Amino acid sequence: MTSREAHDRMANAIRALAMDAVERAQSGHAGPPMGAADIATVRFTGMSGFGASAPCRELYRHFGITAQAIADAALRRLGAS
């Protein structure tokens, strides 16, 4: 799989999740997250660090940007927790 194919698959997954979240909540509009899916994909997968003093994995953990934190936030928004 090429880098572009992987990017497209990730962005499409974000779009599908946005549509599902709006449908499940019966409120909101999926347009902004669908439009920003490419930006989010590039932003969070194309980054390996901010220099030797700030590796990206440590910064993500420090600011709470983890897969579990994002999933928990989505579930809270959907009222499933």
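Residues numbered from 1 in each chain as written. Predicted model: local features only at pLDDT ≥ 70, side-chain atom pairs only at ≥ 80, totals over all residues. Heavy atoms only, no water.

**Concerning helix H5 (residues 67-78)**
Given a rise of 1.5 Å per residue, twelve residues ought to cover 16 Å, and the 17 Å separating the end C-alpha atoms of H5 matches this to within 8%. Taken from the residues just after H5, Gly79 is the one with a positive phi, measuring 75°. (Helix = DSSP H or I, 4+ residues; strand = E, 2+ residues; numbered from the N terminus. Expected span 1.5 Å × (residues − 1).)

**Brief notes about the pattern of salt bridges**
Scanning all chains against the criterion turns up one salt bridge. Across the pair Asp38 and Arg15 runs a salt bridge whose closest N-O atoms are separated by 2.7 Å. Remark: Arg15 occurs in helix H1 (residues 3-25) and Asp38 occurs in helix H3 (residues 37-45); sequence separation between them is 23 residues. Classification of Asp38 as partly exposed rests on a relative accessible area of 29%. Since its relative accessible area comes to 18%, Arg15 is described here as buried. (Salt bridge = Lys/Arg side-chain N within 4 Å of Asp/Glu carboxyl O. Buried < 20%, exposed > 50% of the residue type's maximum accessible area, 1.4 Å probe, protein only.)

**Examining the packing of H1 against H3**
Between H1 and H3, the least distance of the axes is 8 Å, while the angle of their chain directions is 125°. Judged by the angle between their axes, H1 and H3 are oblique. Judged by the sense of rotation from one axis to the other, the crossing of H1 with H3 is right-handed. Residue-level contacts link His7, Met10, Ala11, Ile14 and Arg15 of H1 to Ala37, Asp38, Ala40, Thr41, Val42 and Thr45 of H3. Taken together, the residues that form the contact of H1 with H3 break down as six nonpolar, three polar and two charged. (Axes fitted to C-alpha atoms, helices over the stretch in contact; angles between N-to-C directions. Parallel < 35°, antiparallel > 145°, perpendicular 65-115°, else oblique. Left-handed = near helix turned anticlockwise from the far one by under 90°. Contact = heavy atoms within 4.5 Å. Nonpolar A, V, L, I, M, F, W, Y, C, P; charged D, E, K, R; others polar.)

**Side note on the confidence of the model for the chain**
Confidence in the prediction for the chain averages 78 pLDDT; 84% of positions are at 70 or higher. Of all secondary-structure elements in the chain, the lowest mean pLDDT belongs to helix H4 (residues 56-62), at 76, while H1 reaches the highest, 85. (pLDDT = per-residue confidence, 0-100.)

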